[in-house]
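Reading the structure
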Amino acid sequence: MSNVKLLLVEGYQEMSKVAAQLFAQEVKRKPDLVLGLATGGTPVGMYEELIRMHRTEGLSFSQATSFNLDEYVGLDAQHPQSYRTYMQEHLFAQIDMAAERTNIPRGDAQDLEQECARYEQAIAEAGGIDIQVLGIGTNGHIGFNEPGSSASSKTRVVQLTPSTIEANARFFESVEEVPTQAVSMGIATILGAKKIVLLASGEAKAQAVRDMLEGEMTPDVPASLLQMHDDVTVIVDAPAASLLSAVTIGRAKTE
Ligand SMILES: O=P(O)(O)OC[C@H]1O[C@](O)(CO)[C@@H](O)[C@@H]1O
């Protein structure tokens, strides 16, 4: 598992707290940092903990900038299932980030290719991402980089796999409403972050976690490509770690 630092925790709550601590530490160290943010069910607890730290411990994001990993194609920012709406609800409206420094790709852009290029450039102009949080799909995807995504991929329009559409149908009224495409940062965009923190909770992620950490580096398991980065922390709870080998577990740190 190369340089990847593995932290084993008991469950979702501990995972969320440990992740929030890592983020808070970076925000305190560099208040004008660039955050890389994710959606999905996994980071909700981490965002809740950051909101608590903002409210009760004075953690401030007032100088921070953020870039989200992805957005569905065809949904405007106000759509209830857009990732812009998700971020407003789960984080932005409850902390002191400047709205104009929160960036999410526009899934409703007229010219999506131009939007992808603009997004890449905006990340570069901001000085790159200081710390990026990631979840992992059951098929090993990161962001919306589905199996087959190349290590050199940049922000682009991607086709969602049936398994991802099905997994995300829980957020929509029906599976037919789930967009089939998204704008997603690429693997190279993600690998450009200075620090990466990947969170995995629950048994459904166990095989993907194993493939990411113990398998070969391959585009078939996009998360395995993180092995080529030199500052990745993977925080895994007990059910998500259940398929890891004794050797991997032995190398891990417990919190
Ligand atoms: O955190 P969840 O909801 O399990 O999703 C895992 C991954 O799948 C996505 O939701 C995309 O399908 C990612 O944003 C996320 O990292």
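Residues numbered from 1 in each chain as written. Predicted model: local features only at pLDDT ≥ 70, side-chain atom pairs only at ≥ 80, totals over all residues. Heavy atoms only, no water.

Further remarks concern the pairing of strand β8 (residues 181–184). Strand residues, when the strand is regular, have side chains that alternate between the two faces of the sheet. Strand direction decides the pairing type here: strand β4 (residues 70–72) and β8, joined by 3 bridges, are antiparallel. Each bridged residue has a counterpart across the sheet, and for Glu71 the counterpart in β8 is Val183. When strand β7 (residues 156–159) meets β8, the two strands line up antiparallel, connected through 4 bridges. In the strand pairing of β8, Val158 is matched with Ala182. (Pairing = 2+ DSSP bridges. Helix = DSSP H or I, 4+ residues; strand = E, 2+ residues; numbered from the N terminus.)

The subject of this paragraph is helix α2 (residues 44–57). Each α-helix turn comprises 3.6 residues. Residues three or four places apart therefore point the same way. The end-to-end C-alpha distance of α2 is 19 Å, a good match for the 20 Å that 14 residues give at a rise of 1.5 Å each. Every buried residue belonging to α2 is among Val44, Gly45, Met46, Tyr47, Glu49, Leu50, Ile51 and Met53, and all of these are buried. Positioned one or two residues after α2, Gly58 has a phi angle of 75°, which is positive. (Expected span 1.5 Å × (residues − 1). Buried < 20%, exposed > 50% of the residue type's maximum accessible area, 1.4 Å probe, protein only.)

Mapped onto the present numbering, the UniProt feature "active site" (unreviewed entry) falls on Asp70, Asn139, His141 and Glu146. Considering only the residues just annotated, the largest pocket is lined by Asp70, Asn139 and His141. Relative to the assigned elements, Asp70 resides in strand β4. We classify Asp70 as buried; its relative accessible area is 4%. Beyond its immediate stretch of four places on either side in the chain, Asp70 contacts Thr39, Tyr83, Ile104, Pro105, Gly143, Phe144, Val183 and Ser184. Take His141: it is sitting in the loop between β6 (131–134) and β7. His141 sits in the buried class, given a relative accessible area of 13%. For His141, the contacting residues outside a window of four places in its chain are Gly135, Ile136, Glu146, Thr164 and Pro222. (UniProt positions renumbered as here; feature names shortened; annotations may be inferred. 1 Å grid on protein atoms, 1.4 Å probe; cavity = no way out; pocket = protein on both sides within 12 Å on 5 of 7 lines; lining within 4 Å. Contact = heavy atoms within 4.5 Å.)

This paragraph deals with the confidence of the model for the chain. The predicted model of the chain averages 97 in pLDDT, with 99% of residues at 70 or higher. In the predicted complex, the global pTM is 0.97; the interface-specific ipTM is 0.94. (pLDDT = per-residue confidence, 0-100.)

Turning our eyes to something else, we now look at the packing of helix α1 (residues 12–29) against α2. Axis separation between α1 and α2 bottoms out at 8 Å; the angle between their running directions is 55°. If you check the angle between α1 and α2, you find them oblique. Crossing handedness for the pair α1 and α2: right-handed. Across the interface between the two elements, Tyr12, Ser16, Lys17, Ala19, Ala20, Gln21, Phe23 and Ala24 of α1 pack against Val44, Gly45, Met46, Glu49, Leu50 and Met53 of α2. Classifying every residue of the contact of α1 with α2 gives 9 nonpolar, 3 polar and 2 charged. (Axes fitted to C-alpha atoms, helices over the stretch in contact; angles between N-to-C directions. Parallel < 35°, antiparallel > 145°, perpendicular 65-115°, else oblique. Left-handed = near helix turned anticlockwise from the far one by under 90°. Nonpolar A, V, L, I, M, F, W, Y, C, P; charged D, E, K, R; others polar.)

With that settled, the discussion passes to the sheet that holds strand β11 (residues 253–254). Read from one edge to the other, the open sheet built from 8 strands follows the order β5-β3-β2-β6-β9-β10-β1-β11, with strand pairing classed as parallel. Whereas interior strands pair on both sides, the edge strands pair on one side only; in this sheet they are β5 (102–103) and β11. In this structure, β6 lies alongside strand β9 (residues 195–200), joined through 4 bridges in parallel fashion. Looking across to β9, one finds that Leu134 is bridged to Leu198.

What follows deals with the site of the ligand. With respect to spatial proximity, 13 residues lie near the ligand, and among them Gly41, Thr42, His141, Arg170 and Lys205 are the closest. Residue Gly41 places a main-chain N or O atom 2.7 Å away from an oxygen atom belonging to the ligand. With respect to the ligand, the side chain of Asn168 contributes an N or O atom lying 3.0 Å from an oxygen atom. The residue inventory of the shell around the ligand, partitioned by class, reads 2 nonpolar, 9 polar and 2 charged. (Near = heavy atom within 4 Å. Polar contact = N/O pair within 3.5 Å; in protein donor to acceptor, adjacent residues only side chain to side chain.)

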